[in-house]
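Coordinate inspection notes
Here's the letter readout for the chains.
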Amino acid sequence: MGRLDGKVAIITGAARGQGEAEARLFASEGAKVVLGDVLDDAGEQVAASIGESARYVHLDVSREADWAAAVEAAGGMGPLKVLVNNAAILRPAAIEDTTLEEYMEVINVNQVGTFLGMKAAMAPMKAAGGGAIVNISSIDGQQSKNGLISYSASKFAIRGMTKTAAIEWGRFGIRVNSIHPGGVNTPMGNPTNDPRAEKEPYIYQAINRVGEPIEIAYAALFLASDEASYITGAEVNVDGGWRAGAVTPGLPGTDFVVEYGYDPN
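How each quantity is defined
- Residues numbered from 1 in each chain as written.
- Predicted model: local features only at pLDDT ≥ 70, side-chain atom pairs only at ≥ 80, totals over all residues.
- Heavy atoms only, no water.
- Helix = DSSP H or I, 4+ residues; strand = E, 2+ residues; numbered from the N terminus.
- Rg over C-alpha atoms; globule rule 2.2 N^0.38 Å.
- Buried < 20%, exposed > 50% of the residue type's maximum accessible area, 1.4 Å probe, protein only.
- Contact = heavy atoms within 4.5 Å.
- Areas by Shrake-Rupley, 256 points an atom, 1.4 Å probe, with all protein chains shown as cover.
- Salt bridge = Lys/Arg side-chain N within 4 Å of Asp/Glu carboxyl O.
- Phe/Tyr/Trp six-rings, centres within 6.5 Å; stacked < 30°, edge-to-face > 60°.
- pLDDT = per-residue confidence, 0-100.
- Arc of directions from axis to C-beta.
- 1 Å grid on protein atoms, 1.4 Å probe; cavity = no way out; pocket = protein on both sides within 12 Å on 5 of 7 lines; lining within 4 Å.
- Points joined across faces, edges and corners; volume = space filled by probe spheres on them.
- Nonpolar A, V, L, I, M, F, W, Y, C, P; charged D, E, K, R; others polar.
- Pairing = 2+ DSSP bridges.
- Axes fitted to C-alpha atoms, helices over the stretch in contact; angles between N-to-C directions.

**Quick look at the overall build of the protein chain**
Along its length, the protein chain carries 6 helices and 7 strands. Reading the secondary structure of the protein chain in the N-to-C direction produces β-α-β-α-β-α-β-α-β-α-β-α-β. In summary, the protein chain has a C-alpha radius of gyration of 19 Å against a globular reference of 18 Å for 265 residues, a match within 12%. When its C-alpha atoms are laid out on the principal axes, the protein chain stretches across 60 × 45 × 40 Å. For the protein chain, with 265 residues in total, the buried portion stands at 46%. For the protein chain, the proportion of contacts with a sequence separation of at least 24, taken over those separated by at least 6, is 69%. For the protein chain, the computed accessible surface area is about 12600 Å², with 53% contributed by carbon and sulfur atoms.

**Considering the pattern of salt bridges**
A side chain with one charge may pair with a side chain of the opposite charge, provided their charged atoms come close. This model, assessed by the stated rule, comprises 9 salt bridges. The partner of E227 in a salt bridge is R3, and the shortest N-O contact between them spans 2.7 Å. Linking E227 in the loop between helix 6 (213-224) and strand 7 (235-238) with R3 in the segment before strand 1 (8-12), this pair joins segments that are 224 residues apart in sequence. Assessed through its relative accessible area of 29%, R3 is described here as partly exposed.

**Topic: the packing of aromatic side chains**
By the definition in use, this model includes 1 aromatic pair. Measuring from centroid to centroid gives 5.9 Å for Y202 and W242, while their planes differ by 75 degrees, and the two rings are edge-to-face. Of the two residues, Y202 sits in the loop between strand 6 (174-181) and helix 6 while W242 sits in the segment after strand 7, which places them 40 residues apart along the sequence. By relative accessible area, which is 27% here, W242 ends up partly exposed.

**A short note on the confidence of the model for the protein chain**
Interpretation of the predicted coordinates at a detailed level should be avoided for regions scoring low in pLDDT. Averaged over every residue, the pLDDT of the protein chain is 94; the share at 70 or more is 97%. Here residues 260-265 scores under 50 on pLDDT; set against residues more than four positions off or in separate chains, the count is 12 contacts.

**Some words on the environment of M161**
Position of M161 relative to the elements: it lies in helix 5 (residues 149-169). Sequence separation between M161 and M118 is 43 residues, and the spatial gap between their C-alpha atoms is 9.3 Å. Ignoring anything within four residues of it in the chain, the contact list for M161 reads Q111, T114, F115 and M118.

**Considering helix 2 (residues 40-50)**
Regarding helix 2, the residues found buried are G43, V46, A47 and I50. With its buried residues spanning 95 degrees around the axis, helix 2 presents them on a single face. Exposed and oriented more than 90 degrees from the buried face of helix 2 are D41, Q45 and A48. Those residues of helix 2 that are buried are in contact with helix 1 (17-28), strand 2 (32-37) and strand 3 (54-58). Phi for G51, located one or two positions after helix 2, is positive at around 115 degrees.

**A few points about the environment of A42**
One can find A42 in helix 2. Residue class for A42 comes out partly exposed when judged on its relative accessible area of 29%. Considering only alpha carbons, one finds A42 and A15, 27 residues apart in sequence, at a separation of 5.4 Å.

**A closer look at the environment of A87**
With respect to the helices, strands and loops of the structure, A87 is situated in the loop between strand 4 (80-85) and helix 4 (100-127). Contacts of A87, omitting those with residues within four sequence positions, involve T12, G13, V61, V109 and N110.

**Considerations on the layout of surface pockets**
Volume-wise, the largest pocket comes out at about 1300 Å³. As for the largest pocket, its lining consists of 48 residues, of which L90, Y151, T186, M188 and G189 are closest to the centre. A per-element tally of the lining of the largest pocket places helix 1 first, with 3 residues. Of the residues contributing to the lining of the largest pocket, the split by class is 24 nonpolar, 15 polar and 9 charged.

**A short note on the sheet that holds strand 6**
The strand order across the open sheet built from 7 strands is 3-2-1-4-5-6-7, with neighbouring strands paired in parallel fashion. Edge positions in the open sheet fall to strand 3 and strand 7, since each of these has one partner strand only. In this sheet, adjacent strand axes meet at a mean angle of 20 degrees when their direction is disregarded. By the bridge criterion, 5 bridges tie strand 1 to strand 2 in an arrangement that is parallel. Paired with I11 across the two strands is L35, which belongs to strand 2. Together, strand 1, strand 2, strand 3 and strand 4 form the strand contacts of helix 3 (residues 64-75), whose direction differs from that of strand 1 by roughly 150 degrees. Sitting on the sheet, helix 5 is in contact with strand 5 (131-136), strand 6 and strand 7, with an inclination near 160 degrees to strand 6.

Dropping the structure here:
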């Protein structure tokens, strides 16, 4: 038996990258999956390649009407039991160079999209006797970096919204958790497909490489499954040890050699 047999899931941002990996994995574990995205051609192709257990819908996560259509599509496949709020955008810029329009563009997709998704899923999940919502935040929702004023703000917000929803909806059997990826090798995280981006930024990290989308997908699978039946309001880091701290050359416990000609210390 698959770990998601009998469950219907909506996954946003599913036309590529992390969302695509989640959709494929969930379907392979027995779920029927609604793939939502604004990249219609790519989304249709992914759904078609998965087969009869998948359906693509155009879903701008910042629009309530699109969420209503996605929930309706899921209902046509069975009771909605899983939602993965994965869709996100990134617009790096210094604070003084960020316009309000640019800031709100990120907030509307990442933060408002997550809010609308949870709100849309609540009633059908309650009617189904419960469900699991997985919100994709980031390690940049636990810390930040220069250039990430809008992205980090949105990902911090997802942490708080996740906990509020977990508290309010636990009595209905709806679990709500957040995942906090570190660097992930996706079109958003590595848009130029530069091989240096898979290694160089992570040389001081415990697992010194970039993460792959499937590694985030497996964490989402666990939280969506009945194996996580007593987990809600939790933050799951999938970051290769980024948040644990840095390998420090010169101190005991490492044979670290700087390979790239620089040392941030």
